[in-house]
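# Structural features, examined
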Amino acid sequence: MQMGRVWQALNHYAYIDAVFLAERLYAEGKAYKAYRLLKTHTCSTPQCRYLLAKCCVDLSNVTAG
C-alpha cells in the first residue's frame, strides 16, 4: 500500500511527499522497494538522489545509482 502512495505522489509531482514516503519504506527496512521506486522515476531533487544513494549503499549496489 505504501508503494502505491509513493507512485501517486510522484505522478502528481509531489516530490516532497514522495521522498517522505520513500524514507518511510527505507526506515521500515524496505530499502529495495525504495530503491526501485527512486530508480524507475526520474526524480532529480537532492533529497531523492541522497535517498537513492543510501539505498544503494545499504544494498551494496553503489555503482548502480
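Residues numbered from 1 in each chain as written. Predicted model: local features only at pLDDT ≥ 70, side-chain atom pairs only at ≥ 80, totals over all residues. Heavy atoms only, no water.

### Observations regarding the packing of helix 2 (residues 15-27) against helix 3 (residues 31-40)
- Following both chains from N to C, one finds helix 2 and helix 3 inclined at 150°, their axes separated by 7 Å at the closest point. On the basis of their axis angle, the class for helix 2 and helix 3 is roughly antiparallel. Facing helix 2, whose interface residues are Ala22, Leu25 and Tyr26, helix 3 presents Ala31, Lys33, Ala34, Leu37 and Leu38.
- Class assignment of the residues belonging to the contact of helix 2 with helix 3 gives a composition of seven nonpolar, no polar and one charged. (Axes fitted to C-alpha atoms, helices over the stretch in contact; angles between N-to-C directions. Helix = DSSP H or I, 4+ residues; strand = E, 2+ residues; numbered from the N terminus. Parallel < 35°, antiparallel > 145°, perpendicular 65-115°, else oblique. Contact = heavy atoms within 4.5 Å. Nonpolar A, V, L, I, M, F, W, Y, C, P; charged D, E, K, R; others polar.)

### Some thoughts on helix 3
- Of all the residues in helix 3, the buried ones are Ala31, Ala34, Tyr35, Leu37 and Leu38. Summarising the axial view, the buried residues of helix 3 lie within an arc of 165°, below the 170-degree limit, and thus occupy one face.
- Tucked inside the fold, the buried residues of helix 3 contact helix 1 (2-11), helix 2 and helix 4 (46-58). (Buried < 20%, exposed > 50% of the residue type's maximum accessible area, 1.4 Å probe, protein only. Arc of directions from axis to C-beta.)

### A closer look at unusual backbone geometry
- In the Ramachandran plot, Tyr13 falls in the positive-phi region, its phi being about 60° despite a non-glycine side chain.
- One can find Tyr13 in the loop between helix 1 and helix 2.

### Quick notes on the packing of aromatic side chains
- Overall, the coordinates contain two aromatic pairs when judged by the stated rule.
- Between Tyr13 and Tyr15, the ring centres sit 6.2 Å apart and the planes meet at 85°, which makes this aromatic pair edge-to-face. (Phe/Tyr/Trp six-rings, centres within 6.5 Å; stacked < 30°, edge-to-face > 60°.)

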